[in-house]
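# Overview (structure and organization)
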Amino acid sequence: MANSAERPILLKGGRVVDPAGGVDAILDVLLVGGRVAELGHGLEAPPGAEVRVVAGLVVCPGLVDVHVHLREPGGEHKETIASGSRAAVAGGITTVCAMPNTDPPVDDPASVGYVRAAGLRAAGARVYPLGAVSVGRQGERLTEMGEMIEAGAVGFTDDGSPVSDGGLMRLALEYTLAFGVPVASHCEDRTLAKGGVMNEGLVSTRLGLVGMPNAAEEAMIARDLLLAELTGGRLHVQHVSTRGGVEMVRAAKQRGVRVTAEATPHHLTLTDEAVDGYNSNAKVNPPLRRAADVAAVRQGVVDGTLDCIATDHAPHHYDEKEAAFDDAPFGLVGLETSLGICMTELVHKGLLTLPELIARMSHNPARAFGLPGGTLAPGAAADVTVLDPDEEWVVDPTRFLSKSRNTPFGGWRLRGRVRTTVVGGVVAFEQAPHAEVARAR
Amino acid sequence: MMPTTAPYLGKDLVGLEHLSAAQIRAILDTAEPFKEISERPIKKVPVLRGKTIVNLFFEPSTRTRISFEFAEKRLSADTVNVAASGSSVVKGETLVDTARNLEAMRIDMVVIRHGSSGAARFLAERIPSNVINAGDGRHEHPTQGLLDMLTIRDKLGRLEGVRVCIVGDVLHSRVARSNIWGLTKLGAEVAVCGPPTLLPREIEALGVQVFTRVEEAIEWADVLNVLRLQLERMQGGYVPSLREYNRIFGVTQERVARAPRPLVIMHPGPMNRGVEIDSDVADGGQSVILNQVTNGVAVRMAVLYLLAGGAPERAEVAKHGE
């Protein structure tokens with residue numbers, strides 16, 4: 001049952017997919033002392049090793065999710081660092097970046113240290129805090145970024161809010177040059193999105209809800225790309241949801257701007273029609289857009305413009321979402337459905353190969369934020385996800401390990417599911433056995 | 001016991017978008033016999049005797065609330081009015097808790113007015129009582145749409161082919177949306193007219209024509225339904241000033257006089273005289289604004305009767321007693 005990093009694990013006969021090393025082959029993987037020891041054919045199990053036969057399954061570097069709200073401190077009724085970290089491994093995610101828009105916000109070295117320490121105790125995914133860009137997330141002056149990095153921060157963001165002051169955003173991109181960490185931006189011109197609760201378009205007109213136009217997001221993406229170009233700083237554009245946004249990031253990359261960008265599973269799959277009936281579980285910011293935007297975001301993921309898939313996991317207690325649409329908070333949970341949705345919608349529909357998907361869910365995000373993991377190269381952290389690419393399952397929010405259930409994907413039939421998640425050489429999550437695995441053996 | 005799910009309308013009246021033309025026609029036809037009740041010396045029939053109705057108004061309203069209350073009382077229902085101010089709502093109680101508490105007191109119907117779009121549907125999905133939307137945010141105000149349609153039908157004898165232009169702040173208007181759904185379903189031609197800052201995105205997709213100059217709308221229309229311009233809209237910057245609004249977009253006597261055919265003038269109230277509509281138009285011979293108010297009571301009686309399980313063809317009998 002419970003094992004420790006001291007006990008080696010030998011994963012035998014799986015399809016090993018490690019995009020970083022260009023590996024896609026039936027191989028054995030040996031994990032020793034919390035690190036990847038060896039990949040090869042017919043590896044011998046060292047004494048005391050736990051041998052797992054994973055024939056028919058995929059073995060890949062653990063997934064890395066660079067956009068997660070763990071809500072602690074201040075929102076422990078929605079999620080805690082412990083519950084969120086366990087929900088992550090249930091979704092095959094071995095590393096998460098925790099957003100700093102907590103209460104109080106993570107805007108000083110002590111609070112970074114708190115999140116880091118709580119993450120180490122959590123027995124789930126590794127937790128790396130992002131610090132706030134501005135003190136109190138007020139958008140007025142920079143936080144002590146250098147000290148926060150020493151305390152464990154891996155980047156900075158005022159996520160949940162944009163950095164509206166262009167001058168401050170410029171300073172953030174410049175100051176972080178000293179440390180080589182990215183500034184992650186929630187791109188939204190608040191004056192254009194004012195009062196909005198969903199995408200602006202026919203659906204918002206029909207429902208009588210205030211819309212947020214694509215331009216509200218795109219205006220800020222344009223500004224931040226220009227500032228990244230001006231400063232040479234590292235920009236990470238969060239949750240790109242519009243066609244124009246994808247096009248601007250693509251063009252900036254072609255110009256050599258140092259920018260990475262993410263797409264969420266929900267912006268890859270849902271349109272604003274999901275809001276119909278005032279479904280507050282489809283209330284999210286940036287909002288679900290139109291079909292042309294969804295297609296553009298998919299294309300951005302396919303061609304690598306959007307190099308990362310991140311969930312923007314945003315748990316909310318059920319009675320907060322149980323309100324008139326205007327009054328419900330933005331956000332939806334994603335840790336436990338991300339892999340299944342992306343397998344179903346991107347890999348099984350032929351948009352991405354499996355190695356391409358793993359690159360976008362593991363290697364690229366790890367590289368964007370300088371995180372360990374994201375590869376099975378010998379010597380790398382033994383963060384491994386074992387998945388059944390063909391297992392069919394139905395999303396049942398009542399079975400989530402997250403404390404919250406606010407998903408628009410309840411009842412979706414997905415193909416592709418996590419079997420085992422290993423963090424630092426220790427099995428952190430094991431899916432209950434089922435008939436199909438037995439048959440595969 | 002009457003069934004709570006009415007055979008003609010379903011459990012609730014949340015909007016006109018999801019009603020069929022036949023259902024809308026049934027409500028209008030049912031309203032006809034109910035008109036006469038309000039003309040009697042003793043304005044009361046026992047149609048809803050023993051029914052308990054809560055009028056739950058989270059936003060201030062005079063006309064709609066009183067109209068519903070008259071309709072309920074003239075059908076002999078027991079009514080309770082809950083206004084947001086001074087109730088548990090201001091003490092932080094959620095909408096769903098308010099609803100559950102009312103439900104626990106065993107009520108039959110709720111009439112709800114709320115500032116958030118979707119609030120009526122939200123309530124309807126969570127309580128077994130019949131829910132009637134008396135206006136939710138900018139979404140719908142179905143009984144207003146119905147009474148507007150009844151008034152046009154009274155005046156012109158038909159709805160098919162009639163050209164109705166909704167003039168003014170369409171963006172923030174639940175009245176506009178209910179009118180658009182109802183009128184288009186019954187075969188009227190519908191247009192909207194207003195400054196582009198007050199017209200919702202992609203409104204044409206609802207099957208309406210769009211005018212941005214009121215002169216063009218008047219040239220086109222048989223009926224103008226003039227919407228109230230709320231003062232906040234000027235503060236919100238949607239229009240530069242009320243004076244300019246009246247000058248450029250106002251329904252003035254001068255403009256109405258240039259109409260190629262006699263216009264029917266409507267307004268859901270309350271009016272800002274001298275802003276969206278001039279007094280001589282509102283009070284003139286083409287105005288049916290007070291007919292709208294009278295019809296409001298009959299339409300609401302019809303809705304209450306049908307949701308309580310009544311049949312349109314029995315309305316004439318029902319109003320005379322058991």
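Scroll up to find the structure.
Treat the numbers as computed from the prediction; the structure is a model and nothing was measured.

### Digging into the overall build of chain B
In terms of regular secondary structure, chain B is built from 13 helices and nine strands. Relative to the 2.2 N^0.38 estimate, which gives 20 Å for 322 residues, the radius of gyration of chain B is 19 Å and therefore close to what a compact globule would have. Its C-alpha atoms give chain B principal-axis dimensions of about 55 × 45 × 35 Å. Contacts spanning at least 24 positions in sequence make up 74% of the contacts within chain B whose residues lie at least 6 apart. Carbon and sulfur atoms make up 52% of the accessible area of chain B, which totals about 12800 Å².

### What to know about the sheet that holds strand β7 (residues 209-211) of chain B
Residues and elements named next belong to chain B. Pairing within the open sheet is parallel, and its five strands lie in the order β7-β6-β5-β8-β9. The open sheet terminates on both sides in strands that have one partner only, identified here as β7 and β9 (264-266). Each strand axis lies, on average, 20° off the axis of its neighbour in the sheet, ignoring direction.

### Digging into the environment of Ala 176 of chain B
Residues and elements named next belong to chain B. Here Ala 176 shows up in helix α6 (residues 174-185). Separated by 34 residues in the primary sequence, Ala 176 and Pro 142 have C-alpha atoms spaced 9.9 Å apart. With residues near it in sequence (within four places) discarded, Ala 176 still touches Ile 166, Val 170 and Leu 227.

### Re the pairing of strand β6 (residues 189-193) of chain B
All names here are of chain B. In terms of burial, β6 is largely enclosed, as four of its five residues are buried. The parallel pair strand β5 (residues 163-167) and β6, bridged by α6, forms a crossover whose chirality is right-handed. For β6 and β7, the ladder comprises three bridges, and the chain directions are parallel. Counted as the bridge partner of Val 192 is Val 210 from β7.

### Focus on the nonpolar core
One finds Val 96, Val 237 and Leu 357 of chain A to be the most contacted residues of the largest nonpolar core, which totals 68 residues. Residues contacting Leu 357 of chain A, with those up to four places away along its chain left out, are Ile 309, Leu 339, Cys 342, Met 343, Leu 346, Val 347 and Leu 352 of chain A. If you look at the next biggest cluster of nonpolar residues, it comprises 64 residues, including Leu 75, Val 264, Ala 298 and Ala 308 of chain B.

### Re the pattern of salt bridges
Side chains that differ in charge, positive against negative, can pair when their charged atoms come close. In this structure the tally under the stated criterion is 42 salt bridges over all chains. Across the salt bridge formed by Glu 59 of chain B and Arg 174 of chain B, the nearest N and O atoms sit 3.1 Å from each other. Here the residue Glu 59 of chain B occupies a position in the loop between β1 (52-57) and α2 (63-74), and Arg 174 of chain B occupies one in helix α6, the gap between them amounting to 115 residues. Look at Glu 59 of chain B and you get partly exposed, because its relative accessible area is 25%. The class for Arg 174 of chain B is buried, based on a relative accessible area of 14%. One connected set of salt bridges, linked through shared partners, spans Glu 322 of chain A together with Asp 97, Arg 100, Arg 121, Glu 125 and Arg 126 of chain B.

### Topic: the interface of chain A and chain B
Each partner contributes to the interface: chain A provides 19 residues, whereas chain B provides 22 residues. Summed over both sides, the interface of chain A with chain B buries roughly 1700 Å², with 51% coming from carbon and sulfur. Taken as a group, Thr 205, Arg 206 and Glu 322 of chain A account for 33% of the area that chain A buries against chain B, more than any other trio of residues on that side. Applying the counting rule to chain A against chain B returns five salt bridges. Between Glu 200 of chain A and Arg 201 of chain B there is a salt bridge, and its shortest N-O distance comes to 2.4 Å. For the pair chain A and chain B, the number of links is nine residue pairs in polar contact (both at pLDDT 80 or more). Of the residues assigned to the side of chain A that touches chain B, the class counts are nine nonpolar, four polar and six charged.

### Some words on unusual backbone geometry
The phi angle of most residues is negative, glycine excepted, and most peptide bonds adopt the trans form. All names here are of chain A. Omega for the peptide link from Glu 72 to Pro 73 comes to 5°, which places this bond in the cis form. Tracing the sequence through the fold places Pro 73 in the loop between β6 (63-68) and α1 (81-90). In this chain, Asp 103 is followed by Pro 104 through a cis amide linkage whose omega measures 0°. Along the chain, Pro 104 turns up in the loop between β7 (93-98) and α2 (109-121). Phi is positive for Ala 123, close to 60°, though the residue is something other than glycine. Inspection of the secondary structure puts Ala 123 in the loop between α2 and β8 (126-129).

Parameters at a glance
- Residues numbered from 1 in each chain as written.
- Chains lettered and ligands numbered in written order.
- Predicted model: local features only at pLDDT ≥ 70, side-chain atom pairs only at ≥ 80, totals over all residues.
- Heavy atoms only, no water.
- Helix = DSSP H or I, 4+ residues; strand = E, 2+ residues; numbered from the N terminus.
- Rg over C-alpha atoms; globule rule 2.2 N^0.38 Å.
- Contact = heavy atoms within 4.5 Å.
- Areas by Shrake-Rupley, 256 points an atom, 1.4 Å probe, with all protein chains shown as cover.
- Pairing = 2+ DSSP bridges.
- Axes fitted to C-alpha atoms, helices over the stretch in contact; angles between N-to-C directions.
- Buried < 20%, exposed > 50% of the residue type's maximum accessible area, 1.4 Å probe, protein only.
- Right-handed = clockwise from strand over helix to strand, strands pointing away.
- Core = buried A, V, L, I, M, F, W, Y, C linked by side-chain atoms within 4.5 Å.
- Salt bridge = Lys/Arg side-chain N within 4 Å of Asp/Glu carboxyl O.
- Buried area = accessible area lost by both parts, 1.4 Å probe.
- Polar contact = N/O pair within 3.5 Å; in protein donor to acceptor, adjacent residues only side chain to side chain.
- Nonpolar A, V, L, I, M, F, W, Y, C, P; charged D, E, K, R; others polar.

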